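# Structure assessment
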Amino acid sequence: MTEFDLMQQLPRREVLKGAAVSLASLGSALAMEGVLAAAKPAPAAKPAAPAAKGPTLPCGVIGLGLQGRELVGILGRHPMTECVALCDTYEPYVKRTATDAPKAATYSDYRQLLASPAVKAVFVATPSHQHKQIVLDAIQAGKHVYCEAPLAVSMEEAKAIALAGKASKQAFAVGVQYRANPEHQHARKFMSALSHLAEVRGQWHKKTSWRRAAPNPQRAEQLNWRLNRATSSGLMGEIGMHQVDIASWFLNARPLSVTGFGGIMNSDWANDGRDVPDTVQCIVEYPKNLRLNYDATLVNSFGGSYEAFYGAYAALLTQDLRAWMMKEVDSPLLGWEVYAGKVKMAETSPDIGIVLIANATKILNAGGEPGKTALDTTKTPLYWAVEEFATAVKENRQPVNGAAVGYEATVVGNKCNEATLSNSKIVFEKTMFDL
């Protein structure tokens with residue numbers, strides 16, 4: 001598949017279409033649980049009465065910018081959580097978000113929120129450089145804590161947070177949200193089917209200046225923290241870290257080195273006060289001479305974001321809530337894929353993607369037809385991260401995206417950022433990841 005073909009994928013709602021076959025004819029061919037079988041299901045049973053809502057986890061959200069407000073919305077609609085407290089130092093944000101959680105108490109000082117016995121768990125969604133003291137105080141207050149990623153801009157602060165999270169008796173999660181996403185968990189099972197990996201690619205393209213309008217210069221400085229190296233870890237630390245973490249997770253390996261390049265490529269932004277690159281490229285080296293070629297830009301949206309793994313038998317493509325596998329003509333027949341839903345990846349390409357959908361068996365059992373059942377796009381990776389956190393609290397365990405995972409992702413993201421700022425190569429020493 002060419003780079004152009006990758007970009008020309010069908011609209012999201014089209015990828016589920018596939019030929020229908022009898023469920024009974026699948027037999028034992030569906031050896032891999034959860035693979036999307038484009039099967040005609042039995043007639044749907046009458047819907048059962050909705051189950052009574054069990055005890056919910058009372059949560060507070062500190063930091064009510066775009067990410068914080070999204071969290072408040074998810075907490076309000078997830079059956080395992082409820083938002084009981086909101087906090088931000090900027091009053092208009094508090095008032096705006098309160099419309100999404102009208103019963104929540106509101107605070108301008110996060111310490112007052114932490115003092116509330118009604119709050120059992122805290123989501124820290126402030127800018128990255130403000131995480132440390134809030135997280136440490138929340139852990140000290142005995143709260144379950146979810147800290148957005150990256151943990152911090154400086155490695156010293158990130159390590160302090162991670163050590164406190166690791167030692168906490170309560171649940172501690174970091175916002176490397178794809179670790180909790182069922183689609184990525186499912187797609188990762190197919191890595192062994194690719195055979196002899198040759199390379200990995202990834203990108204994040206979104207045309208946006210990262211600059212936000214503000215009523216005064218002081219507020220402008222606060223809102224545009226991502227444009228300042230002192231308060232931001234740049235495109236690689238704030239965005240790219242998530243996709244590099246997916247690569248490390250899927251490959252089950254830590255990176256050995258990163259060579260980075262970056263610059264302000266939109267000349268209109270060159271003199272607007274920013275010193276963070278708007279475009280970056282990284283070559284991340286892994287064991288066995290394997291490399292991830294990654295790029296991110298704020299200048300152009302073409303192609304969106306994806307991660308792709310290329311092997312001798314197949315390629316695997318992941319994209320938010322979707323995943324596909326494209327087999328080579330000489331790859332061995334696994335059996336189940338004959339029945340799976342398929343989609344042509346682009347009008348100009350001969351590549352056919354085998355649709356991989358987590359929990360497809362549940363769709364069939366519920367009487368849904370894969371070719372006509374729309375994916376619930378309200379259940380974003382962030383939604384699943386909230387669910388994993390709430391489940392970990394309920395089960396008295398640590399989340400899959402805990403302190404060690406979040407710290408490693410932060411280290412890699414920050415070092416990738418350093419490489420792009422200096423246009424140089426940085427070697428990852430094992431001691432960098434020690435906790």
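As shown above, the structure is provided for reference.
Being a predicted model, the structure only gives us computed values, none of them experimental.

What follows is about the sheet that holds strand β3 (residues 57-62). Sheet strands line up and pair through hydrogen bonds in the backbone, either parallel or antiparallel. Spatial strand order, β5-β4-β3-β6-β7-β8: 6 strands in an open sheet with parallel pairing. This sheet does not close on itself; its edge strands, each paired only once, are β5 (105-107) and β8 (172-174). Going across the sheet, the axis of each strand differs from the next one's by a mean of 25°, ignoring polarity. Two strands pair when backbone bridges link them, and β3 and strand β4 (residues 81-87) are joined in this way by 6 bridges, in the parallel orientation. Following the sheet pairing, L57 is matched in β4 by T81.

It is worth spelling out the packing of aromatic side chains at this point. Counting across every chain of the model gives 9 aromatic pairs. Here F123 and Y146 contribute two aromatic rings whose centre-to-centre distance is 5.0 Å and whose plane-to-plane angle is 35°, an arrangement assigned as tilted. Note that F123 is positioned in strand β6 (residues 121-124) and Y146 in strand β7 (residues 144-147), a separation of 23 residues in sequence. Seen in terms of ring centroids, F123 and F389 are 5.2 Å apart; in terms of plane orientation they differ by 75°. Their pairing is edge-to-face. Separated by 266 residues along the polypeptide, F123 in strand β6 and F389 in helix α11 (residues 381-394) bring together distant segments of the chain. The structure contains a cluster of three or more aromatic residues connected by ring pairs, namely F123, Y146 and F389.

Before going further, it helps to examine the sheet that holds strand β17 (residues 352-355). Across the sheet, 10 strands lie side by side as β16-β17-β15-β14-β13-β9-β12-β11-β10-β18; this open sheet has mixed pairing. Edge positions in the sheet fall to β16 (342-344) and β18 (425-427), since each has one partner strand and no second. Sheet twist, expressed as the average angle between the axes of neighbouring strands with direction ignored, equals 20°. In this structure, strand β11 (residues 279-286) lies alongside strand β12 (residues 290-297), joined through 8 bridges in antiparallel fashion.

In this section: α11. One full turn of an α-helix is made of 3.6 residues, so residues set three or four places apart face in the same direction. Helix length check: α11, at 14 residues, gives a terminal C-alpha distance of 20 Å against a target of 20 Å (1.5 Å per residue), a fit within 8%. In terms of burial, α11 is a largely internal element, 12 of the 14 residues being buried. For α11, the complete set of buried residues consists of P381, L382, Y383, W384, A385, V386, E388, F389, A390, T391, A392 and V393. Following α11 by one or two positions, N396 adopts a phi angle in the positive range, close to 55°.

Cut-offs used in this document
- Residues numbered from 1 in each chain as written.
- Predicted model: local features only at pLDDT ≥ 70, side-chain atom pairs only at ≥ 80, totals over all residues.
- Heavy atoms only, no water.
- Pairing = 2+ DSSP bridges.
- Helix = DSSP H or I, 4+ residues; strand = E, 2+ residues; numbered from the N terminus.
- Axes fitted to C-alpha atoms, helices over the stretch in contact; angles between N-to-C directions.
- Phe/Tyr/Trp six-rings, centres within 6.5 Å; stacked < 30°, edge-to-face > 60°.
- Expected span 1.5 Å × (residues − 1).
- Buried < 20%, exposed > 50% of the residue type's maximum accessible area, 1.4 Å probe, protein only.

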